[in-house]
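Residue-level listing of the chains:
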Amino acid sequence: MANGQWYPREWPDRIRALSEGTLTPVPARRAATVLLLKDTPHGPAVHLLRRRASMAFAGGAYAYPGGGVDSRDDDHQVRWAGPTRAWWAERLGVDESGAQAIVCAAVRETYEEAGVLLAGPTAASVAGDTTGEDWEADRAALVARELSFAEFLDRRGLVLRSDLLAAWTRWITPEFESRRYDTWFFVAVLPTGQRTRNASTEADRTVWIRPTEAAAGYDRGELLMMPPTIATLRQLSSYATAAEALAAAPARDMTPVLARARLVDGGIVLAWPGHDEFTKHIPTAPTAPTGGGPA
């Protein structure tokens, strides 16, 4: 393959079905993911995890900690530090309860999958060591959805630090996909005193890597990634420090990126607005599968 773009074999058939009106798009679930950054002597590094090859969605691809929004976090008012819910609602393009749930999902998934908790006992602090048995029991309950994140914060007496996050971009899974997500991407800097660990059952590897190095691995076809992942890595490459990236986030456009497929000269063109490198030209006639790897 020319690069490491994640491209499932079933996409051409699903795109044809969508264009012919025989495929009904499934609703996109709300989701959040976090580009966790830290500084190194050679510039900022980002935390990536590799999804297990057995995963139904994007197996083998490198991604950021992230996952679906828990609707239980919409209405339960949590202790909150940083910009108001109204400010976040305007920034994310949703109502206030939705904004709270999306920010909760970002913080929860970072804790579930990387062991980093962007919350603390006060509005100016973060939790310290969270590796004890009692913490792990709560983390496992969050993963199993036996406990909502709002309930977890209440149980621990913690304040959610929304000021440690900044919204970066928003991508919606294409309409022809069988699993669809409306995902808000956030950036955050690893808090002093905390460290990452592979706490996810969905990942078989984690790595801290500079965005330029990760993008080079993708270009060589060595690192498999979905379009939003490589796109955001390229965007991060221009910043000299993690703080610079965080400071640049508020000025970024949050208009959702949604791939579109259209018929052109007897073929299908699949394109992501503003991201020409992902454009695919697909024959209209079905073709036989050529193997198990991405195109």
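As a reminder, the structure under discussion sits directly above these lines.
Conventions and cut-offs
- Residues numbered from 1 in each chain as written.
- Predicted model: local features only at pLDDT ≥ 70, side-chain atom pairs only at ≥ 80, totals over all residues.
- Heavy atoms only, no water.
- Helix = DSSP H or I, 4+ residues; strand = E, 2+ residues; numbered from the N terminus.
- Rg over C-alpha atoms; globule rule 2.2 N^0.38 Å.
- Buried < 20%, exposed > 50% of the residue type's maximum accessible area, 1.4 Å probe, protein only.
- Pairing = 2+ DSSP bridges.
- Axes fitted to C-alpha atoms, helices over the stretch in contact; angles between N-to-C directions.
- Core = buried A, V, L, I, M, F, W, Y, C linked by side-chain atoms within 4.5 Å.
- Salt bridge = Lys/Arg side-chain N within 4 Å of Asp/Glu carboxyl O.

K.L.:
What's the story with the overall build of the protein in this structure? I'm lost.
P.N.:
Tallying secondary structure elements over the protein gives eight helices and 14 strands in all. The C-alpha atoms of the protein give 19 Å as radius of gyration, which agrees with the globular expectation for 295 residues (19 Å, within 12%). In terms of overall dimensions, the protein has a C-alpha envelope of 60 × 40 × 35 Å along the principal axes. Out of the 295 residues in the protein, the part that is buried amounts to 53%.

K.L.:
I'm lost on the sheet that holds strand 12 (residues 260-264) in this one. Help?
P.N.:
Sheet strands pair by backbone hydrogen bonding; their relative direction is either parallel or antiparallel. The strand order 12-13-14 describes an open sheet built from three strands, whose pairing is antiparallel. Pairing within the sheet leaves two strands with one partner each, and these edge strands are strand 12 and strand 14 (275-283). Taking the axes of each pair of neighbouring strands and ignoring which way they run, one obtains an average angle of 25 degrees across the sheet. With five bridges connecting them, strand 13 (residues 267-272) and strand 14 associate as antiparallel partners.

K.L.:
Explain the nonpolar core here, please?
P.N.:
What tends to happen in soluble globular proteins is that the nonpolar side chains get buried as a cluster. Ranked by internal contacts, the top residues of the largest apolar core, which has 40 residues, are W88, L92, L117, F149, F152, L165 and F186. In terms of residue count, the dominant contributor to this core is helix 3 (residues 96-114) (nine residues). By size, the runner-up hydrophobic cluster in this structure holds 37 residues, among which are L37, W168, A245 and I282.

K.L.:
Looking at this structure, how should I read the pattern of salt bridges?
P.N.:
Once their charged atoms are close, side chains differing in charge can pair, the charge on each being opposite to the other. Within this structure, the stated rule accounts for 20 salt bridges. Put simply, R72 and D70 hold a salt bridge, and the shortest N to O gap is 2.7 Å. Judged by relative accessible area, which is 35%, R72 ranks as partly exposed. On the accessibility criterion, D70 (8% relative accessible area) is buried. In this structure, E112 engages R108 in a salt bridge whose closest nitrogen and oxygen atoms are separated by 3.1 Å. Placement of the pair is E112 and R108 together in helix 3, with a separation of four residues, close to one helical turn. For E112, a relative accessible area of 5% gives the class buried. For R108, a relative accessible area of 1% puts it in the buried group. Each member of the salt-bridge network shares a partner with another, and the members are R108, E109, E112 and R145.

K.L.:
So what exactly am I meant to see when it comes to the sheet that holds strand 5 (residues 80-81) here?
P.N.:
As summarised here, the arrangement of the three strands in space is 5-7-6, forming an open sheet in which the pairing is mixed. Of all strands in the sheet, those with a lone pairing partner are strand 5 and strand 6 (119-120), marking the two edges. In this structure, strand 6 lies alongside strand 7 (residues 159-161), joined through two bridges in antiparallel fashion. From the neighbouring strand, A119 faces strand 7, where its bridge partner is L160.

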